[in-house]
Amino acid sequence: MMGHSNGGFSDTGLHRLREVLARYVESGKIPGLVALVGRGGQTHVEAMGTMRHDGGAPMRRDTIFRMASTSKPVTMAAAMVLLDECRLRLDDPVDAWLPELADRQVLARADGPLEDTVPARRPITVRDLLTSTFGLGVDLTLMGSPIMAAVLERANYGGETGPAPDPDKWMRSLGELPLAYQPGQCWQYDLSHDVLGVLVARVTGQPFETFLRERVFDPLGMKDTAFHVPADKIDRLPPSYAPDPQTGQFHVWDEAASGRYSQPPAFQHGGGGLVSTADDYHAYFQMLLNGGMHGSERILSRPAVELMTTNRLTPEQNAARNDLAKNNVHVSFGQGQQGGWGFGMAVRTYRGDYASVGQFGWDGGTGTTAYADPDKQLTGVLLTQVGLSTPDPARLIHDFWTTLYQAIDD
């Protein structure tokens, strides 16, 4: 017997959601979390545990988190604004703005030597960048190959490699590499989003963050979303942990006050550089559910939102992503099993778990997740300070979604 409804969630269901979240915090695996779920104009928030694994200040609704790859669906909005305004076109070559990516050479074999290349069959287009199929990316199917070693060394700034150079220098270094695949051939992760940030900056003549703020963050009231945390808010940022995969011991990956998010970065990393809060992310995903509207203000056109949030990949383009999700669960922890990809986010194309077909969003390696579901008119955001170096945050994310779908009371 379900209890009375609470904005489209049952009281019983929300109680179970709280219990599942609390189990992780009480076990010590996840020091703290903030969860926000929304349906039918109502939101429900759980803030649990502490900022540090050894105690300290409690998690609060306005705690700021490093979003990692959960940045991708949000930073993508900048490119969509430019499409809406015809300042970019889907099938325009990017050469005019990104001359570093003109006249590409492509590896004869994706895992072969960097010298063994053929000319690209066509230029890289805006569409290739939007769909993450421009020919380079973080590709776990190519681990250990010369091109992946070069990409990880030059272009993928996870922090271990030190701070990224400024965008022009970064683009020059990327332009020295051949492509792993022909433009448009194959989905590969992450790198296209950083290139898109450079593209937006060059088309608009503004820093990427400035354009995002003016056109997306400010109109949506996303006052805590940025590429760094200013000094007057740094006490709201917890440390970020990467637990030891063998022992589970908490290692600090990034401190708050002295850390890599405490200063504006030289490179505004669209693939994973945002910090944000549960409420800011809810505002963004609710806008997508509303077909681009925030209250009475239009942020994106309805067709732009539809392009972003429905599958854009052919089965061939998506093959590597499906293989990774199904066959490397020890690496992906089962993330990526949605079957489709739009612009900047996963899209569920088949019923593989408790979520409806059409659900869209993405997860972050710092232990973050944000999705919306048009069928159930549902948004969910779960933010932690524990990176996916162990399966615990991924299991929490899965249990959050399973329990949230059970809590729907129609």
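Located above this text is the structure these notes cover.
Bear in mind that the values here come from a model prediction, so they are computed numbers and not experimental data.

K.L.:
How would you summarise the sheet that holds strand β17 (residues 368-373) if you had to cite specific residues and measurements?
P.N.:
One open sheet accounts for eight strands, arranged β5-β4-β3-β18-β17-β16-β15-β14; its pairing is antiparallel. The sheet terminates laterally at β5 (55-58) and β14 (339-341), the two strands that pair on one side only. Neighbour-to-neighbour, the strand axes of the sheet open up by a mean angle of 20°, direction not taken into account. Strand direction decides the pairing type here: strand β15 (residues 346-348) and strand β16 (residues 360-364), joined by two bridges, are antiparallel. Each bridged residue has a counterpart across the sheet, and for Val347 the counterpart in β16 is Phe360. Where helix α1 (residues 11-27) meets the sheet, its contacts fall on β3 (32-39), β4 (42-52) and β18 (378-384), and the angle it forms with β4 comes to roughly 15°.

K.L.:
Outline the packing of helix α2 (residues 72-84) against helix α7 (residues 208-220), listing residues and values.
P.N.:
In contact at an axis separation of 9 Å, α2 and α7 are set at 80° when each is read in the N-to-C sense. As the angle between them shows, α2 and α7 are arranged roughly perpendicular. Contact with α2, carried on its side by Val74, Thr75, Ala77, Ala78, Val81 and Leu82, involves Phe208, Phe211, Leu212, Arg215, Val216 and Phe217 of α7 and no other residues of that element.

K.L.:
An account of the side chain of Asp139 is requested, with residue identities and associated values reported.
P.N.:
Along the chain, Asp139 turns up in the loop between α3 (126-130) and α4 (146-154). Buried and unpaired, Asp139 has Arg321 as its nearest opposite-charge partner, separated by 11 Å. There is a polar contact of 2.3 Å between the side chain of Asp139 and the side chain of Thr141. The residues contacting Asp139, other than those within four sequence positions of it, are Met148, Tyr181 and Gln188.

K.L.:
For the packing of aromatic side chains, give the residues involved together with the corresponding values.
P.N.:
Evaluated as defined, the whole model comprises 13 aromatic pairs. The structure contains a cluster of three or more aromatic residues connected by ring pairs, namely Trp187, Tyr189, Trp341 and Trp362. The residue whose ring lies beneath Arg260 is Trp253, and the NZ or CZ to ring-centre distance is 4.1 Å. Just above the ring of Trp187 sits the side chain of Arg321; from NZ or CZ to the centre is 5.4 Å.

K.L.:
For the layout of surface pockets, give the residues involved together with the corresponding values.
P.N.:
What the second largest pocket holds in volume is close to 280 Å³. Taken together, 18 residues make up the lining of the second largest pocket; nearest its centre are Gly334, Gln338, Arg348, Asp353 and His398. With four residues, the top contributor of residues to the lining of the second largest pocket is helix α12 (residues 392-406). Taken together, the residues of the lining of the second largest pocket sort by class into six nonpolar, nine polar and three charged.

K.L.:
Break down the pattern of salt bridges for me, citing the residues and quoting the values.
P.N.:
Pairing is possible between side chains of opposite charge, provided their charged atoms come close. In the structure shown here, the tally under the stated rule is 22 salt bridges. Here Glu46 ties to Arg18 by a salt bridge, and the two come within 2.8 Å at their closest N and O atoms. Placement of Glu46 in strand β4 and of Arg18 in helix α1 is noted, with a sequence separation of 28 residues between them. When the shortest N-O distance is used, the salt bridge between Asp54 and Arg52 registers 3.7 Å. Through salt bridges with shared partners, a single network forms among Arg60, Asp62, Asp224, Lys233 and Arg236.

K.L.:
Hey, could you go over the pairing of β5 for me, with residue numbers and the actual values?
P.N.:
Two strands pair when backbone bridges link them, and β4 and β5 are joined in this way by two bridges, in the antiparallel orientation. By the bridge assignment for β5, Arg52 is matched with Gly55. The turn joining β4 and β5, which pair antiparallel and follow one another in sequence, is formed by two residues.

K.L.:
Go over the side chain of Asp224 with me, naming the residues and quoting the values.
P.N.:
Mapped onto the elements, Asp224 comes out in the loop between α7 and β9 (240-241). Within the local environment of Asp224, its side chain forms a polar contact with the side chain of Lys233, the two groups lying 2.7 Å apart. Reaching out from Asp224, the side chain makes a polar contact with the side chain of Arg236 at a distance of 2.6 Å. Residues within four places of Asp224 in sequence aside, it is in contact with Ile64, Lys233, Arg236, Val275, Ser276, Thr277 and Asp280.

K.L.:
Before we move on, could you go through helix α9 (residues 302-309) and cite the residues and values that matter?
P.N.:
All buried positions along α9 are accounted for by Ala304, Val305, Met308 and Thr309. In a view along the axis of α9, the buried residues occupy a sector of 115°, so they form one face of it. Structurally, α9 contributes buried residues whose contacts are with α2, α8 (278-289), β15 and β16. Its side-chain oxygen at 3.1 Å from the backbone nitrogen of Ala304, Ser301 defines the N-terminal cap of α9.

K.L.:
Summarise the nonpolar core; cite the residues concerned and give the values.
P.N.:
Leu136, Tyr284, Leu288 and Leu300 are the most contacted members of the largest nonpolar core, which totals 117 residues. The dominant element in this core, judged by the number of residues it contributes, is α2, at nine residues. Excluding residues within four positions of it along the chain, Leu288 makes contact with Leu300, Val305, Met308, Thr309, Met345 and Phe360. Ile64, Ala226, Leu237 and Val275 belong to the second largest nonpolar core, which has eight residues in total.

K.L.:
Account for the environment of Asp323, naming residues and giving values.
P.N.:
Secondary-structure assignment places Asp323 in helix α10 (residues 315-327). A residue is classified by how much of its surface remains accessible, and Asp323, at 43% relative accessible area, is partly exposed. Measuring from C-alpha to C-alpha, the distance between Asp323 and Gln337 comes to 9.3 Å, with 14 residues separating the pair along the chain.

Calculation notes
Residues numbered from 1 in each chain as written. Predicted model: local features only at pLDDT ≥ 70, side-chain atom pairs only at ≥ 80, totals over all residues. Heavy atoms only, no water. Pairing = 2+ DSSP bridges. Helix = DSSP H or I, 4+ residues; strand = E, 2+ residues; numbered from the N terminus. Axes fitted to C-alpha atoms, helices over the stretch in contact; angles between N-to-C directions. Contact = heavy atoms within 4.5 Å. Parallel < 35°, antiparallel > 145°, perpendicular 65-115°, else oblique. Buried < 20%, exposed > 50% of the residue type's maximum accessible area, 1.4 Å probe, protein only. Lys, Arg positive; Asp, Glu negative; His and termini not counted. Salt bridge = Lys/Arg side-chain N within 4 Å of Asp/Glu carboxyl O. Polar contact = N/O pair within 3.5 Å; in protein donor to acceptor, adjacent residues only side chain to side chain. Phe/Tyr/Trp six-rings, centres within 6.5 Å; stacked < 30°, edge-to-face > 60°. Lys NZ or Arg CZ within 6 Å of the ring centre and 35° of its normal. 1 Å grid on protein atoms, 1.4 Å probe; cavity = no way out; pocket = protein on both sides within 12 Å on 5 of 7 lines; lining within 4 Å. Points joined across faces, edges and corners; volume = space filled by probe spheres on them. Nonpolar A, V, L, I, M, F, W, Y, C, P; charged D, E, K, R; others polar. Arc of directions from axis to C-beta. Core = buried A, V, L, I, M, F, W, Y, C linked by side-chain atoms within 4.5 Å.

That's the geometry; what it means functionally is another story.
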